[in-house]
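Next come the chains, spelled out residue by residue.
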Amino acid sequence: MNPIRIGIVCYPTFGGSGVVATELGKALAKKGHEIHFITYSQPSRLDFLNENLFYHEVDFRTYPLFEYPPYETALASKMVSVVKNEKLDLLHVHYAIPHASAAYLARQILRTENTIIPVVTTLHGTDITLVGKDASYAPVVTFSINESDGVTAVSEDLKRETLQHFKITQEIEVIPNFVDMEKFRKMKKDHFKKAICPHGEALIVHISNFRKVKRINDVLRVFARIRKEIPAKLLMIGDGPERVSAEIVSRELEISEDVRFLGKLEAVEEVLSVADLFIMTSEKESFGLAALEAMACEVPVISTNAGGLPELNIHGVTGFLSAVGDIEDMTRNSLLILDKENLPRFKANAWARAREFDISKVMPRYEQFYARVIDRTAVKTLS
Ligand code: GMT
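Residues numbered from 1 in each chain as written. Predicted model: local features only at pLDDT ≥ 70, side-chain atom pairs only at ≥ 80, totals over all residues. Heavy atoms only, no water.

Caption draft 1: Focus on the pattern of salt bridges. Per the stated rule, a full pass over the model turns up 24 salt bridges. Note that Lys 189 and Glu 270 form a salt bridge whose closest N and O atoms lie 4.0 Å from each other. With Lys 189 in the loop between strand S7 (173-174) and helix H7 (190-196) and Glu 270 in helix H10 (residues 268-272), the pair connects residues that are 81 residues apart, well separated along the chain. What makes Lys 189 buried here is its relative accessible area of 19%. (Salt bridge = Lys/Arg side-chain N within 4 Å of Asp/Glu carboxyl O. Helix = DSSP H or I, 4+ residues; strand = E, 2+ residues; numbered from the N terminus. Buried < 20%, exposed > 50% of the residue type's maximum accessible area, 1.4 Å probe, protein only.)

Here it is as structure tokens:
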């Protein structure tokens, strides 16, 4: 395949969509494509140099008149200039709001200058299931999805939700999240395990951005029940609006001694290397990238059956699925997995399932999709 020059627009933060966008860009650059990240700060996982990787910072000035600086306008202007300067072949925007509508605007501006740039939008989750549905955004989200030249969603469930809640006239291609199994693998970190679990306790991990939708108090409640039955420790990784209340709940449940809130961590694979169980209690979860990364490190998953989680976590094989909020069921299933007789089997199954989502299998699907969109746009332009 000929190298493509791609502009990738994403949130550069610790969120899943930013991770997917950055890891995808890095993998495409390694394969010889030229990748230009366009965002307001350096993506957190953009951590290595490659001659095919570039970063363009969106410069949005404030002014006394602006209570809210117009980021979308600055982003669209930046896209116009990067497309022209770098002669991009395609723009790929991750997370619909406000990236898809900014890309639409950039594309229309470029059209007036006889530059044709196809736009691919990837829907990640809350851009549809929470924020996007809100009446204050829905018309723009619907319009910009329909106006994109190609649309992908990270799970069948997210595709279904999108078609159910918006009047979509576009085809939506499902391309799931992926994991780099070379980076996310079980490493020998015995000293670390010994430091956290000095008496051989089971180690349970939760990773998220601690937003309400993650229901992190459920993680604590499940853990409190597990700990009544077996010695265990819990690591809570990440940060966000629910952290303070979760710390209070952990004191109320009298589990503080066995729970550590570690904040945001870069090298989560090191912690996952020593974990026995990953818990994801989300009310909504379009895919569950953090669970996939855990599985790649041989960690079985206890999750809710929300959104796309059943497309990743196979009930009774790689872990278990429970209804949202069903603490008792999650506790029962956790104890089953942590049973010494069962744990090795669940770990092996989790790893084998994660392999199906290895970046080497998923990234070519994006490449093929780009090629189709570029061809289609060229045909449309000629006709
Ligand atoms: O809520 C998050 O976890 C962040 C959010 C994002 O867009 O940054 O994640 C969403 O996208 C991820 C990558 O595609 C998915 O793995 C997550 O499941 C999804 N989160 C939700 O749907 C809540």
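After presenting the structure, the write-up continues.
Caption draft 2: Examining the site of the ligand more closely. Close contacts around the ligand come from 19 residues, with His 124, Asn 177, Arg 211, Glu 285 and Ser 286 the closest. Within the backbone of Gly 16, one N or O atom sits 3.1 Å away from an oxygen atom of the ligand. For the ligand, an oxygen atom lies 3.0 Å from a polar atom in the backbone of Leu 289. In the complex, the protein chains occlude 94% of the 470 Å² of accessible area that the ligand would expose alone. Among the elements that take part in the shell around the ligand, helix H1 (residues 16-30) stands out by supplying three residues, more than any other. Counted by class, the shell around the ligand contains five nonpolar, 10 polar and four charged residues. Residues lining the shell around the ligand come from more than one domain, with at least three contributed by each of domain 1 (5-178 + 359-382) and domain 2 (190-355). (Near = heavy atom within 4 Å. Polar contact = N/O pair within 3.5 Å; in protein donor to acceptor, adjacent residues only side chain to side chain. Areas by Shrake-Rupley, 256 points an atom, 1.4 Å probe, with all protein chains shown as cover. Nonpolar A, V, L, I, M, F, W, Y, C, P; charged D, E, K, R; others polar. Domains from an automatic or database assignment.)

Caption draft 3: Fine view of the sheet that holds strand S5 (residues 119-123). Spatial ordering of the open sheet is given by S3-S2-S1-S4-S5-S6-S7, a layout of seven strands whose pairing is parallel. Strands with a single pairing partner mark the edges of an open sheet, and in this sheet they are strand S3 (53-57) and S7. Note: strand S2 (residues 34-39) against S3, five bridges, orientation parallel. In the strand pairing of S3, His 36 is matched with Phe 54. Packing of helix H3 (residues 96-111) onto the sheet brings it into contact with strand S1 (5-9), strand S4 (90-94) and S5, and relative to S5 it is tilted by some 170 degrees. (Pairing = 2+ DSSP bridges. Contact = heavy atoms within 4.5 Å. Axes fitted to C-alpha atoms, helices over the stretch in contact; angles between N-to-C directions.)

No statement about biological role is implied by the geometric values presented.
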